[in-house]
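Residues per chain, in single letters:
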Amino acid sequence: MSTFYVTTPIYYVNDIPHIGHAYTTIMADVITRFRRAEGYETFFLTGTDEHGQKIEKSAAAQGITPKILADRVVERFKNLWQILDIRYDRFIRTTDADHVAGVQHLFRRVLDKGDIYPGEYRGHYCVSCEGYVPETAEKSQSGNKICPDCGKETELLTERCYFFRLSAYEEPLLRFYAEHPDFVQPASRMNEVISFVKMGLKDLSITRSTVKWGVPVPDDPEQTIYVWFDALSNYITALGYPETTADFSRFWPADLHVMAKDILRFHAVYWPAFLMAADLELPRGELIHGWWLKDERKMSKSRGNVLDPHILLKHFPADAIRYFLMREAPIGADANFSHQGFITRINTELTNDWANLISRTGGMIKRYFNNRFPGKAAYSPTEDELREDYLELENEVRAFFDSYAFNRGLERIMEYISRLNRYIVEAEPWKMAADESLQPRLEAVLKTLVRAILSTNTLLAPVIPRSADRIRAFFNHDSRTFGWKDPGESFDVRDVEPLFPRVDPEAFFAEETQSEHAEPSPKETTMSEKPQTPEGIATIDEFKKIRMVVARVLAAEKVEKTDKLLRLTVDTGSDTRTLVAGIAQYYTPEELVERKIIIVANLAPAVIRGIESKGMILAASDKDGRPYIPIIPEETPVGSIMR
RNA sequence: GGCGGUGUAGCUCAGCCGGUAGAGCAGUCGGCUCAUAUCCGAUAAGUCGGGGGUUCAAGUCCCUCCACCGCUACCA
């Protein structure tokens, strides 16, 4: 039997499960169920990433061990997966003993081969946060990077660590991509990966001595294995690596890693390189989906617009959420989530079209035949047509699902469901029921409907498994494979009950606005918010060191070959000076000239794009970094000091 | 700045290798009654972002411009 191995990323336990996690996991679950219905033997893996400094610190802040913290969050993930009918074969945790052993084995193997070597890591270290800041962090005027978490200056630090020889895999990776152009889907993401690798790869630091909560490096217990080497390995350790007997040999290489776009590079560059270094086979495919946006913006904790699946689950069955997520967004693109859109989609397609079709069919079988078909049906060509149409539908839908175009596949299914509703109207079974001689025709119509419903149900089942089971139960037919379903000529059915109760939008919104105000639960915020930093207080003397004055813009122009920079010439009252500001995306030179602004006058000068900037313009900055330059009353004298 | 993508009816989007525009939702009108007031039919005059080109013929190919998005660089 062919096998199919699907994974989700392992989710970091510093975060509680939200709609984004649910989306990835549901997608992987749908793919797994779909392959199973096709006859594959499947393995579906999900789990949690539990190591690292953030966990260590969150746990310390709560006065518990990292493992206990992880245990708690893991429960939340498992609960949600259960509610959402996610059926995984293994839930792996990076703290699982077999994973730890597997990672160490992989590490040693690559070390022995020479692609891991000891060296020194230089990075910008934030003393108060006890961590390195990313290379992308912004720099202060004095040239040190600023910690994005606490806003303090970092210092350049050097520590001993191990490197992975990623640079050696540039060519092999490019060759691999060329030979497997479908490795990453959608194709646009594959292009991103290729262009990234073509720009050159640097060796990767893969251990830390500053992180205690992690997998120890074999024979060097001061070092722990850093995030990606540890986390990505889960895809093989979950199958028993380094043991190559049972699951590993059967399911590796993975058929599909499913993930969101933000971790593409780690999966499409680092992971294949690690595997090459260990002489292991590479995964066959990676499926990259976009983000769910709320109000056109990325959901984020700091913005407070994260969508909690539990709110939807109060009003809708899990199937509805699964259906919506698969139906609404084309794979790859970001999609906007709106409650209104959600309710409309579910009410129209699942309630009005699909559930109502089943309801009216079941209702007529009960009313006209008392739930038992006598087996005297007289068919017409129309019934054959419906069967033919279904077979065509099935082919198309399977093709769509094969290419992960779930939205298109479901759309196509809805088309067929419409066709069935139309069939009822055209056949007018209620008129047949009034005429005794048309009983065989009536039976044929209703029986054909049952067959079509059961058949369509197998296509929908991967997406909405729970209602699919109920439908099988209504019609006493249990087949799970694809194909035209036929329970026979003479059979009993049960009473049909409502599948997707209609949700009244007004009632929904009335309740939601209430609960949203009551929502923010204290426990969740302590876990995600960073601890208070009392050291962040400035004394009055420190404040006085900063000299802010009102200045007038004399001239402004865009700095050549930059997107964001404006060069401003300003009158400070005591001198005329030049400064550079990164506001060109939001302010035109014209609207700034003659305007009064506040600048920091005694800031150490910095050279930006070859221009010496003496000072800095003050502007409010929102969550997206968009600047807002305050309005200064026109009568304010130039040179006035802010205090 | 470099690379890539998107821009089609009020909204969300289909339109493969070129042949004179489609679906769903919303709206309007009408029909049925089996059904969770559900279903069915009719109804859309949208410069297919702007401009130019190739062609007998272009949302569909080429060039260019604009807007937005992604990756990346530079940078606040």
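Residues numbered from 1 in each chain as written. Chains lettered and ligands numbered in written order. Predicted model: local features only at pLDDT ≥ 70, side-chain atom pairs only at ≥ 80, totals over all residues. Heavy atoms only, no water.

Caption draft 1: Examining the packing of aromatic side chains more closely. Counting across every chain of the model gives 39 aromatic pairs. Taking 4.8 Å as the distance between ring centres and 55° as the angle between the ring planes, the aromatic pair formed by Phe324 and Phe342 counts as tilted. Of this pair, Phe324 sits in helix H12 (residues 318-328) while Phe342 sits in helix H13 (residues 339-369), placing them 18 residues apart in sequence. Residue Phe342 is classed as buried on the basis of its relative accessible area, which comes to 1%. Taken together, the ring pairs in this structure connect Tyr5, Phe43, Tyr235, Tyr241, Phe248, Phe251, Trp252 and Trp271 into an aromatic cluster. The cationic tip of Lys78 hangs over the ring face of Phe91; the distance from NZ or CZ to the ring centre is 5.1 Å. The ring of Tyr121 has Arg208 sitting right over it, with the charged end atom 4.3 Å from the ring centre. (Phe/Tyr/Trp six-rings, centres within 6.5 Å; stacked < 30°, edge-to-face > 60°. Helix = DSSP H or I, 4+ residues; strand = E, 2+ residues; numbered from the N terminus. Buried < 20%, exposed > 50% of the residue type's maximum accessible area, 1.4 Å probe, protein only. Lys NZ or Arg CZ within 6 Å of the ring centre and 35° of its normal.)

Caption draft 2: Main features of the side chain of Asp85. Here Asp85 is to be found in the loop between helix H3 (66-83) and strand E3 (90-93). Asp85 gets classed as buried once you look at its relative accessible area, which sits at 17%. At a separation of 2.9 Å, a polar atom in the side chain of Asp85 contacts the side chain of Arg466. (Polar contact = N/O pair within 3.5 Å; in protein donor to acceptor, adjacent residues only side chain to side chain.)

Caption draft 3: How the structure looks around the pattern of salt bridges. As enumerated under the stated definition, the model contains 44 salt bridges in all. A salt bridge links Glu41 to Arg250; the shortest N-O distance between them is 2.3 Å. Remark: Arg250 occurs in helix H9 (residues 247-251) and Glu41 occurs in strand E2 (residues 41-49); sequence separation between them is 209 residues. Here Glu41 falls in the partly exposed class, since its relative accessible area comes to 26%. Classification of Arg250 by relative accessible area gives partly exposed; the value is 40%. (Salt bridge = Lys/Arg side-chain N within 4 Å of Asp/Glu carboxyl O.)

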